[in-house]
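# Descriptive analysis of the structure
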Amino acid sequence: IINTCDSLVDWSTLRGTLQLDTVDKVEGIASIKAIGNGIQWDLIFAVYNPIGTWDFSLQNSITLRVKPQALIGLGFVLWNDWQNAFVWDLSKPKYGMQVGVWNTVTIDLMAPDAVAGVPNLAMIDFLDVRMQQPVGGESFNFDIIEALVAITHALTVDSSPITAVPFTIDDVGYVTPVSI
């Protein structure tokens, strides 16, 4: 789990405010509600920046829950720094987002919608969830953000019998098969 969204620790905002919403949530004790600054067309940014970095190079996706009031400019961004980022435009039809209801969004880490600079999934410093305010003052809630580990090899089981070959080891350590 990247963040349960039950606390505002390590969260900040640009062009709005953040508050815990203990009523409208998916799980845990709260979701985080980002409320816009009231200026039409401004983006609201909810930024999560704990100490250290994440290595998402072995993950294949990130899942989060989002309840937007608008779909314009709705996005999720993983940043190495303010110049290098992976961007997912959650307002695209492929994500199937709906306004006013909780949506579970799975983001394919290998298929961002845009890239800024030369980002590196092994050194992610912070992330943001964002939404544009088409009128001004809109808000969105988000809850539980988690990374899912990629499975690169399927497990197969060979149930065929094993044929044992008897052997001896001499004083020097050479292995010699023994005929039965």
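The notes below deal with the structure included here. (Residues numbered from 1 in each chain as written. Predicted model: local features only at pLDDT ≥ 70, side-chain atom pairs only at ≥ 80, totals over all residues. Heavy atoms only, no water.)

Glancing now at the pattern of salt bridges. Within this structure, the stated rule accounts for 5 salt bridges. As a salt-bridge pair, K94 and D113 come within 2.7 Å of each other at their nearest N and O atoms. With K94 in the loop between β7 (84–89) and β8 (103–108) and D113 in the loop between β8 and β9 (114–116), this residue pair connects regions lying 19 residues apart in the sequence. K94 gets classed as exposed once you look at its relative accessible area, which sits at 56%. You can call D113 partly exposed: its relative accessible area is 22%. (Salt bridge = Lys/Arg side-chain N within 4 Å of Asp/Glu carboxyl O. Helix = DSSP H or I, 4+ residues; strand = E, 2+ residues; numbered from the N terminus. Buried < 20%, exposed > 50% of the residue type's maximum accessible area, 1.4 Å probe, protein only.)

This part covers the sheet that holds strand β5 (residues 59–68). Read across the open sheet, the 5 strands follow the order β2-β3-β11-β5-β8; overall the sheet is antiparallel. Bordering the open sheet on either side are β2 (16–21) and β8, each of which pairs with just one other strand. Averaged over neighbouring strand pairs, the angle between their axes works out to 30° when direction is ignored. Direction of pairing for β5 relative to β8: antiparallel, over a ladder of 6 bridges. By the bridge assignment, L64 is partnered in β8 with V105. (Pairing = 2+ DSSP bridges. Axes fitted to C-alpha atoms, helices over the stretch in contact; angles between N-to-C directions.)

With that out of the way, let us pick up the environment of N3. Tracing the sequence through the fold places N3 in the segment before β1 (11–14). Put simply, N3 and A147 are 144 residues apart on the chain and 9.7 Å apart in space, counted from C-alpha to C-alpha. Beyond its immediate chain neighbours, meaning those up to four positions away, N3 contacts W11, Y48, I144 and I145. At a separation of 3.4 Å, a polar atom in the side chain of N3 contacts the side chain of W11. (Contact = heavy atoms within 4.5 Å. Polar contact = N/O pair within 3.5 Å; in protein donor to acceptor, adjacent residues only side chain to side chain.)

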